[in-house]
Amino acid sequence: MFEMLSNVFVENGLIVSFAVIGVTMFMSYFLADKLTNGKLHGSAVAIIIGLILAYIGGFTTGGENGLSDIGIFAGIGIMGGGMLRDFAIVATAFGADFKEMKKAGLPGIISLFFGVIVSFVVGVVIAFAFGYTDAVSLTTIGAGATTYIVGPVTGSALDASSAVITLSVAAGLVKSILTMIGTPFIAKYIGLNNPRSAIVYGGLMGTTSGVAGGLAATDPKLVPYGAMTATFYTGLGCLLAPSVLFLITRAVFG
């Protein structure tokens, strides 16, 4: 009986993934309501549960794709993959009100450049502190600190080693996770409660998945605005990191 159910789950992986996510979300909102009296948003709890399940899946199987390494949960790898993720981001961005976006004006544009440059510099400093001294490695890891997409793009363009590219992805993932979890806690302290501030926040942080997840846990109505500038942030990072920022890094470090 168990083997038959297992085969059904494996053959219908994507459907199973929707069921698993649905149950996880239900439990997350229930726990957030009962244990924290609504002070911690259900989405934040869901993110934490997802990270725990991913760790368990990877630790149990010795794989690299978290829970999706377990056969009956393989569909989660599709549901959480780049294709559906990017589709969700683009679809979400269509919910933004252009009038609200115009209100951000110059601060929104400045936040994009400021966010990319500051994240890059922090990544370079950390990489240098851990012993990396060549411009290619420093630039690649610095680019990864902007987002885990910009890192591999930059590393491939500069012919960085696979180990360095992997580190750049890891740096971007850490930033994304911290943004997801931390946004609901700092939102009220930084005035993150309106479309304009969400646009600037998306430009400063840049990690699209992190910003979208964090804003969803703060106020779902803010997600389209943060996701929009965060998406531009990724494009700007892919443009600047392998070119201007690399040349500056090479001039400084040789």
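Per chain, residues are indexed from 1 in the order of the written sequence. Reporting of local features is limited, given that this is a predicted model, to residues whose pLDDT is at least 70; pairs of side-chain atoms are given and counted only at 80 or more, and all residues count toward the totals for whole chains, interfaces and linings. As a convention, hydrogens and water are excluded, and side-chain values are obtained from all of the structure's heavy atoms.

The subject of this paragraph is the packing of aromatic side chains. The criterion for an aromatic pair is that two Phe, Tyr or Trp rings (for Trp, the six-membered ring) have centres within 6.5 Å, with stacked assigned to planes under 30 degrees apart, edge-to-face to planes over 60 apart and tilted to the rest. Across all of its chains, the model carries one aromatic pair by this definition. Aromatic pair Phe 128 and Phe 253: ring centres 5.3 Å apart, planes at 45°, arrangement tilted. Note that Phe 128 is positioned in helix α6 (residues 98-129) and Phe 253 in helix α12 (residues 223-253), a separation of 125 residues in sequence. Only protein chains enter the accessibility calculation, which uses a 1.4 Å probe. A residue is then buried if its area is under 20% of the maximum for its type, exposed if over 50%, and partly exposed in between. With relative accessibility at 42%, the residue Phe 128 sits in the partly exposed group. Strands are runs of DSSP state E lasting at least 2 residues, helices are runs of H or I lasting at least 4, and numbering of each runs from the N terminus.

Glancing now at the confidence of the model for the chain. Each residue carries a pLDDT value, the predictor's own confidence for that position, ranging from 0 to 100. On average, the chain scores 81 in pLDDT, and the residues at 70 or more come to 84%. Mean pLDDT across the elements of the chain bottoms out in helix α5 (residues 82-93) (60) and peaks in helix α7 (residues 135-146) (93).

It is worth spelling out the packing of α7 against α12 at this point. Convention adopted: a line fitted to C-alpha atoms gives each axis, helices being fitted over their contacting stretch, and angles between N-to-C directions are expressed from 0 to 180 degrees. Where α7 contacts α12, the two axes come as close as 9 Å, and the packing angle between them is 150°. Our classification of the angle between α7 and α12 gives roughly antiparallel. Handedness of the crossing formed by α7 with α12: right-handed. Along the contact surface, α7 presents Ala 135, Val 136, Leu 138, Thr 139, Ala 143 and Thr 146, while α12 presents Tyr 233, Ala 241, Phe 246, Thr 249, Arg 250 and Phe 253. Per-class residue counts for the contact of α7 with α12 are eight nonpolar, three polar and one charged. To sort the angles, those under 35 degrees are grouped as roughly parallel, those over 145 as roughly antiparallel, those from 65 to 115 as roughly perpendicular, and the leftovers as oblique. Each crossing is labelled by how the near helix is turned from the far one, with a counterclockwise turn of less than a right angle marking it left-handed and a clockwise turn marking it right-handed. Any two residues having at least one pair of non-hydrogen atoms within 4.5 Å are treated as being in contact. Amino acids outside the nonpolar list (Ala, Val, Leu, Ile, Met, Phe, Trp, Tyr, Cys, Pro) and the charged list (Asp, Glu, Lys, Arg) are all regarded as polar, and Gly is one of them.

Time to look at unusual backbone geometry. The backbone phi angle of Asp 159 is positive, close to 60°, even though this residue is not glycine. As for its position among the elements, Asp 159 is in the loop between α8 (150-158) and α9 (162-190).

Moving on to the side chain of Ser 17. Position of Ser 17 relative to the elements: it lies in helix α2 (residues 13-36). According to the relative accessible area criterion, Ser 17 is buried, its value standing at 0%. Look past the residues within four positions of Ser 17 in its chain and what remains in contact with it is Gly 75, Ile 76 and Met 79.

Looking now at α7. Any helix carries an expected span of 1.5 Å times its number of residues minus one. With 12 residues, α7 extends 17 Å between its outermost C-alpha atoms, agreeing within 8% with the 16 Å of an ideal straight helix rising 1.5 Å per residue. With 11 of its 12 residues buried, α7 lies for the most part within the structure.

Here the focus is α12. Residue pairs three or four apart in sequence face the same way in an α-helix, which turns once every 3.6 residues. Under the 1.5 Å per step criterion, the end-to-end length of α12 is only 39 Å for 31 residues, more than 12% shorter than the ideal 45 Å. To get the bend at a given residue, fit one axis to the seven residues ending there, fit another to the seven starting there, and take the angle between those axes. Residue Ala 241 marks the point of greatest curvature in α12, where the axis turns by about 55°; the proline Pro 242 follows within four residues. Positioned one or two residues after α12, Gly 254 has a phi angle of 85°, which is positive.

This part covers the packing of helix α11 (residues 208-218) against α12. Running from N to C, α11 and α12 cross one another at 170°; their axes reach a closest spacing of 8 Å. Taken as axis vectors, α11 and α12 run roughly antiparallel relative to one another. Seen from α11, the contacting residues are Thr 208, Val 211, Ala 212, Leu 215 and Ala 216; seen from α12, they are Val 223, Gly 226, Ala 227, Ala 230, Thr 231 and Thr 234. Of the residues contributing to the contact of α11 with α12, the split by class is seven nonpolar, four polar and no charged.

Counting through the fold element by element, Ile 141 comes out in helix α7. Taking the C-alpha atoms as reference points, Ile 141 and Ser 168, 27 residues apart in sequence, are found 4.4 Å from one another. When near neighbours in sequence (up to four residues on either side) are disregarded, Ile 141 contacts Gly 123, Ala 127, Tyr 132, Val 164, Leu 167 and Ser 168.

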